[in-house]
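# Structural description and commentary
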Amino acid sequence: MNPQGAAVFLIDFAFSIYIFIVLTRFVLQLARADFYNPISQFVLRATNPLLAPLRRIIPGYRGLDIASLVLVVLLIIVKALMLMTLQTGGIPSGIGPALLVYTLRELATLLLNYIFWAVLIRVILSWVAPDPSNPVVRVVIQITEPIMAPCRRLLPAMGGLDLSPLIVLLGVQVLKILFQLH
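Let me sum up the structure you'll find in this document. (Residues numbered from 1 in each chain as written. Predicted model: local features only at pLDDT ≥ 70, side-chain atom pairs only at ≥ 80, totals over all residues. Heavy atoms only, no water.)

Tracing the chain through its elements places Ser-40 in helix H2 (residues 38–57). The class of Ser-40 is buried, set by a relative accessible area of 0%. There is a polar contact of 2.9 Å between the side chain of Ser-40 and the backbone oxygen of Asp-34. When residues no more than four places from it in sequence are discounted, the contact partners of Ser-40 are Leu-28, Asp-34, Phe-35 and Val-139. (Helix = DSSP H or I, 4+ residues; strand = E, 2+ residues; numbered from the N terminus. Buried < 20%, exposed > 50% of the residue type's maximum accessible area, 1.4 Å probe, protein only. Polar contact = N/O pair within 3.5 Å; in protein donor to acceptor, adjacent residues only side chain to side chain. Contact = heavy atoms within 4.5 Å.)

Right, here's the structure in full:
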């Protein structure tokens, strides 16, 4: 039995899910998605308990929900410190600069992976032609359209074939390689 491994797994899983939900709130506001959608309503209700007090301190800026981005950063830091404490038995002194670099890399990786998977899900959804009024389909389209529309304008019409997802997916992978993100 490995109770420490189980605890590490559960903490990592719980924090990762909640970080994903808070990041989704940031992306939904960034994309100006429909907040009456059931998916958006779930995200709002799940994130409000931690975001409401933080919003009193950190206001939004030009349509960006800075408080949710700060919450994502704080959650990444807390997760890293908790996992480090469990795995090594404590927090080493002088961890500040390394933790800052780790947090920024983790945030960049999360954002790029979020974009990658959202676009990939949209591509897969386009193959099965789902009901466009489905709440999940609407949210995926609203999240990915601000990224894919500029790419679509760059490419000429290809006889009904939309290559903008390919450009976005390649761009995400190039950014990950350039910044050496995992």
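Having seen it, we continue.
Bringing the packing of aromatic side chains into the picture now. As enumerated under the stated definition, the model contains 3 aromatic pairs in all. The interplanar angle of 35° and the centroid separation of 5.4 Å between the aromatic rings of Phe-20 and Tyr-114 together place this pair among those described as tilted. One end of the pair, Phe-20, is in helix H1 (residues 3–30); the other, Tyr-114, is in helix H4 (residues 96–128), with 94 residues separating them in the sequence. Overall, the relative accessible area of 11% leaves Tyr-114 in the buried class. Ring geometry for Phe-116 versus Trp-117: centroids 5.5 Å apart, planes at 85°, classification edge-to-face. (Phe/Tyr/Trp six-rings, centres within 6.5 Å; stacked < 30°, edge-to-face > 60°.)

As for its position among the elements, Arg-105 is in helix H4. Its relative accessible area of 33% is what places Arg-105 among the partly exposed residues. As a C-alpha pair, Arg-105 and Phe-26 span 79 residues in sequence and 18 Å in three-dimensional space. Setting aside residues up to four positions removed in sequence, Arg-105 forms contacts with Phe-179, Gln-180 and Leu-181. Among the polar contacts listed, one links the side chain of Arg-105 to the backbone oxygen of Gln-180, at a separation of 2.4 Å.

As a further point, take H1. Between the first and last C-alpha of H1 there are 40 Å, a value that for 28 residues agrees with the 40 Å anticipated at 1.5 Å per step. Directly after H1, the chain includes Arg-32, whose backbone phi takes a positive value near 55°. (Expected span 1.5 Å × (residues − 1).)

What follows is about helix H6 (residues 164–178). In this model H6 runs 21 Å from its N-terminal to its C-terminal C-alpha over 15 residues, within 8% of the 21 Å that 1.5 Å per residue would give. What H6 keeps buried is the set Ser-164, Pro-165, Val-168, Leu-169, Val-172 and Lys-176. Across the axial projection of H6, the buried residues extend over an arc of 140°, all falling on one side. Pointing more than 90 degrees away from the buried face of H6 are the exposed residues Ile-177 and Leu-178. For H6, the secondary structure elements touched by its buried residues are H4 and helix H5 (135–154). Two residues or fewer after H6 comes Gln-180, characterised by a positive phi angle close to 50°. (Arc of directions from axis to C-beta.)

A word on unusual backbone geometry. Residues other than glycine seldom take positive phi values, yet Arg-32 does so here, at roughly 55°. Following the sequence through the fold, Arg-32 ends up in the loop between H1 and H2. Taking the relative accessible area as the measure of exposure, Arg-32 reaches 66% and is therefore exposed.

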